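Summary of structural features
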Amino acid sequence: MPCPSSCPPGLLALMAPGLALIVTFSLPSQAGDRRALPVEKPPGVKGRTLILLDVNTKSPVRIISENFLSLQLDPSIIHDGWLDFLSSRRLVTLARGLAPAFLRFAGKRTDFLQFHNVKNPAKSRGGPGPDYYLKNYEDARSLDKLYNFADCSGLHLIFALNALRRNPNNSWNSSNALSLLKYSASKKYNISWELGNEPNNYRTLIGRSVNGSQLGKDYTQLRSLLQLIRTYSRAHLYGPNIGRPRKNVIAFLEGFMKVAGGTVDAVTWQHYYIDGRVAKVTDFLKTRLLDTLSDQIRKIQKVVNTYTPGKKIWLEGVGMTSAGGMNNLSDSYAAGFLWLNTLGLLASQGIDVVVRHSFLDHGHNHLVDQNFNPLPDYWLSLLYKRLIGPKVLAIHVAGLQRKPRPGRVIRDKLRIYAHCTSYHNHNYVRGSITLYIINLHRSRKKIKLAGTLRDKIVHQYLLQPYGKDGLHSKSVQLNGQPLAMVDDGTLPELKPRPLRAGRTLVIPPLTMSFYVVKNVNALACRYR
């Protein structure tokens with residue numbers, strides 16, 4: 001099946017490995033430790049708020065997947081059994097801009113989808129489950145459209161099979177899944193697989209539960225099925241895609257890992273920061289909210305390392321808000337603070353892949369709206385893909401600060417992460433380093449590059465809201481120029497603003513920015 005025509009898109013070791021920088025002119029080295037870092041004021045430094053920043057260029061502290069930032073399509077996008085709109089040239093151009101990546105086809109409706117090997121499904125059919133989920137059928141034509149979209153976009157498809165088709169003894173009924181697998185194999189589709197979506201929530205969804213041990217047996221059964229089909233004998237299998245790791249969910253994961261920890265290629269879970277029904281723009285600026293993910297990472301890692309040490313972990317299904325998000329909020333510039341911090345935090349903690357829910361038209365958490373217009377988080381993701389490589393670097397900071405007011409808690413409102421610059425970006429030689437910075441302060445902050453970064457030419461990519469809506473804006477500007485597609489087949493050129501060597505970086509308030517430090521010749525970044 002032909003693809004739509006489209007143009008491809010053109011510390012030092014003193015710090016604990018894997019920890020990214022979080023500062024407010026103090027360096028919190030442990031949770032609850034907010035003491036200012038004792039440093040002497042270097043000669044010539046006058047500003048009270050100047051931050052000195054250096055990076056360990058000798059070796060990376062983490063190496064994440066080339067597909068680290070990946071995408072999810074929710075089955076709710078199926079309209080009357082069809083996915084024809086995925087042939088859109090514009091949509092393929094937008095998706096191709098974020099390649100290489102995984103494309104996960106999964107969501108709440110996953111466990112109500114049934115596959116029918118017909119090219120022209122009837123207009124009206126019944127289906128299992130509550131009325132809301134009626135007519136959720138995946139036919140051969142739609143599967144073809146889905147795979148062709150992923151293939152043309154340079155994305156690797158991950159398909160989640162229905163786990164709620166059950167036998168009387170509550171074991172998984174694999175008959176419909178086998179039909180889908182055989183059809184896909186006949187087309188030689190290169191697909192990875194999952195089983196179900198957020199299985200710990202089945203009782204709430206349909207009043208029927210599946211425990212972790214049983215799901216582990218179901219995954220073992222699915223692995224056996226895949227091995228019987230030559231095309232998929234070595235296909236990757238991911239799961240269990242649990243929800244937020246509360247006590248009962250951790251117990252579910254433990255039961256799963258005991259049975260199927262060695263069966264899956266990566267352990268997956270989901271995270272949503274805010275209840276979308278009650279969210280406010282100020283929520284996206286709360287450092288306490290940004291830090292909720294750290295505790296979840298530790299809980300998941302503890303279980304995984306107990307049963308299968310070294311197994312890769314994915315955050316597979318992350319959104320800024322639950323309940324589908326909120327218009328003019330979770331799809332606005334403000335939501336980018338959570339999204340960029342999520343990327344930085346997960347990479348620094350060694351999470352191999354993060355899957356953004358959703359790429360297209362699901363509530364208001366998407367990257368691209370229903371008219372195929374890119375939203376602020378799309379442009380943020382595009383910059384990340386163009387500039388950030390898989391090697392994570394440790395950083396060291398020294399801050400000069402005023403004495404805090406008595407009783408005032410210093411929050412971590414300036415966050416800095418460092419990676420080797422993407423090898424796919426031919427504008428920069430290997431050995432370059434990219435910093436990305438989130439400034440949640442309502443005042444500008446100054447950063448002076450030191451050590452190996454001193455006196456190097458820097459390229460600035462400053463992303464700010466565009467228009468009168470401020471943080472609520474659905475449009476952004478890069479270095480003062482609004483970002484928009486040139487045409488349906490062409491993304492805009494992402495032009496940097498060169499800064500002279502040795503210049504202090506001035507970070508505007510409430511902004512996100514990337515800085516490529518050129519020609520550092522970092523040993524950690526010279527080789528793939």
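Per chain, residues are indexed from 1 in the order of the written sequence. For a predicted model such as this one, the threshold for reporting local features is a pLDDT of at least 70, and the threshold for listing and counting side-chain atom pairs is 80 or more; totals across whole chains, interfaces and linings nevertheless cover every residue. Side-chain numbers here rest on the full set of heavy atoms in the structure, without hydrogens or water.

We now examine the overall build of the chain. Runs of E in the DSSP output that reach at least two residues are strands. Runs of H or I that reach at least four are helices, and both are numbered from the N terminus. Along the backbone of the chain there are 10 helices and 24 strands. Per element, the accessible surface of the chain, about 22,000 Å² overall, is 49% carbon and sulfur. A 1.4 Å probe and the Shrake-Rupley method give the accessible areas. Residues count as covered only by the protein chains that appear here.

Here we come to the environment of Asp377. Here Asp377 is to be found in helix 10 (residues 376–387). Put simply, Asp377 and Leu340 are 37 residues apart on the chain and 8.7 Å apart in space, counted from C-alpha to C-alpha. Any N or O atom pair separated by 3.5 Å or less is treated as a polar contact, with the protein-specific requirement of one donor-capable and one acceptor-capable atom, and with residues adjacent in sequence counted only for side-chain atom pairs. There is a polar contact of 2.9 Å between the side chain of Asp377 and the side chain of Arg356.

Attention now goes to unusual backbone geometry. Here Ala99 and Pro100 are connected by a cis peptide whose omega angle stands at 0°. Its place among the elements puts Pro100 in the loop between helix 1 (89–96) and strand 5 (101–105). Between His357 and Ser358 the backbone carries a cis peptide bond, its omega angle lying at 15°. The backbone phi angle of Glu198 is positive, close to 50°, even though this residue is not glycine. For Glu198, the position within the fold is in the loop between strand 9 (191–195) and helix 4 (202–206).

Let us look at the packing of aromatic side chains. The rule is short: rings of Phe, Tyr and Trp, with Trp giving its six-membered ring, pair when the centres are within 6.5 Å, and they are stacked under 30 degrees, edge-to-face over 60, tilted in between. In the structure shown here, the tally under the stated rule is 16 aromatic pairs. By way of ring pairs, the aromatic residues Phe68, Tyr384, Tyr417, Tyr436 and Phe514 are connected into one cluster. For the cation-ring pair, Arg356 lies above Trp339, with the distance from its terminal atom to the ring centre recorded as 4.9 Å. When the ring centre of Tyr423 is taken as reference, the NZ or CZ atom of Arg430 above it lies at 4.9 Å. Each ring is checked for a lysine NZ or an arginine CZ that lies within 6 Å of its centre and within 35 degrees of its normal; such an atom marks a charge sitting over the ring.

All right, on to the nonpolar core then. Formed by 125 residues in total, the largest nonpolar core has its most connected members in Trp193 and Phe359. By residue number, the principal contributor to this core is helix 9 (residues 336–348), which donates 8 residues. One finds Leu393, Leu414, Ala418 and Ala522 within the second-largest nonpolar core, a separate group that totals 26 residues. Residues grouped as a nonpolar core are buried Ala, Val, Leu, Ile, Met, Phe, Trp, Tyr and Cys residues, joined through side-chain atoms within 4.5 Å. For every residue, the accessible area obtained with a 1.4 Å probe (protein chains only) is divided by the maximum for its type, and the residue is called buried under 20%, exposed over 50%, and partly exposed between those limits.

Secondary-structure assignment places Gln72 in strand 4 (residues 69–73). Contact between two residues is taken to exist if any of their heavy atoms lie within 4.5 Å; hydrogens are not considered. With residues near it in sequence (within four places) discarded, Gln72 still touches Leu103, Arg104, Ala106, Gly107, Glu316, Gly317, Val355, Arg356, His357, Ser358 and Phe359.

Further remarks concern the state of the cysteines. A pair of cysteine sulfur atoms is labelled a disulfide when the two atoms are within 2.5 Å. For the structure shown, the criterion picks out 1 disulfide. The disulfide bridge from Cys420 ends at Cys525, spanning 2.0 Å between sulfur atoms. Negative torsions about the S-S bond denote left-handed disulfides, and the value of about -75° found for Cys420 with Cys525 makes this one left-handed. Taken as a pair, Cys420 in strand 16 (residues 414–421) and Cys525 in the segment after strand 24 (511–517) lie far apart in primary sequence, 105 residues in all. Note on Cys525: relative accessible area 1%, which makes it buried.

An ideal rise of 1.5 Å per residue puts 20 Å on 14 residues; helix 6 (residues 247–260) measures up with 20 Å between its terminal C-alpha atoms. Residues Val249, Ile250, Phe252, Leu253, Gly255, Phe256, Met257 and Ala260 constitute the buried set of helix 6. Against helix 5 (212–228), strand 10 (238–242), strand 11 (266–274) and helix 8 (292–307) lie the buried residues of helix 6. To estimate the expected span of a helix, subtract one from its residue number and multiply by 1.5 Å.

This paragraph deals with the side chain of Asp139. Relative to the helices and strands, Asp139 is located in strand 7 (residues 137–139). Side-chain polar atoms of Asp139 contact the backbone nitrogen of Arg141, separated by 2.9 Å. Within polar-contact distance, the side chain of Asp139 engages the backbone nitrogen of Ser142 at 3.0 Å.

Here the focus is the pairing of strand 11. With 8 of 9 residues buried, strand 11 is to be regarded as a mostly interior element. A strand pair is defined by DSSP finding two or more bridges across the two strands. Here strand 10 runs beside strand 11; their pairing, made up of 4 bridges, is parallel. Paired with Gly239 across the strands is Val267, a residue of strand 11. Considered for its hand, the β-α-β crossover made up of strand 10, helix 6 and strand 11 is right-handed. When the strands point away from the viewer and the connection leading from the first strand across the helix to the second strand turns clockwise, the crossover is called right-handed.

The pairing of strands in a sheet comes from backbone hydrogen bonds and takes either a parallel or an antiparallel form. Reading across the sheet, the 4 strands line up as 15-2-18-23 and stay open at both edges, with mixed pairing between neighbours. The sheet is open, and its two edges are formed by strand 15 (395–399) and strand 23 (505–507), each paired on a single side. Averaged over all pairs of adjacent strands, the angle between their axes in this sheet comes to 30°, without regard to strand direction. Bridge count between strand 2 (residues 50–55) and strand 18 (residues 445–449): 4 bridges; the pairing is parallel. Residue pairing for strand 18: Leu53 is matched across the bridge by Leu449. Fitted lines through C-alpha atoms give the axes, limited to the stretch in contact for helices. The angle between two N-to-C directions lies from 0 to 180 degrees.

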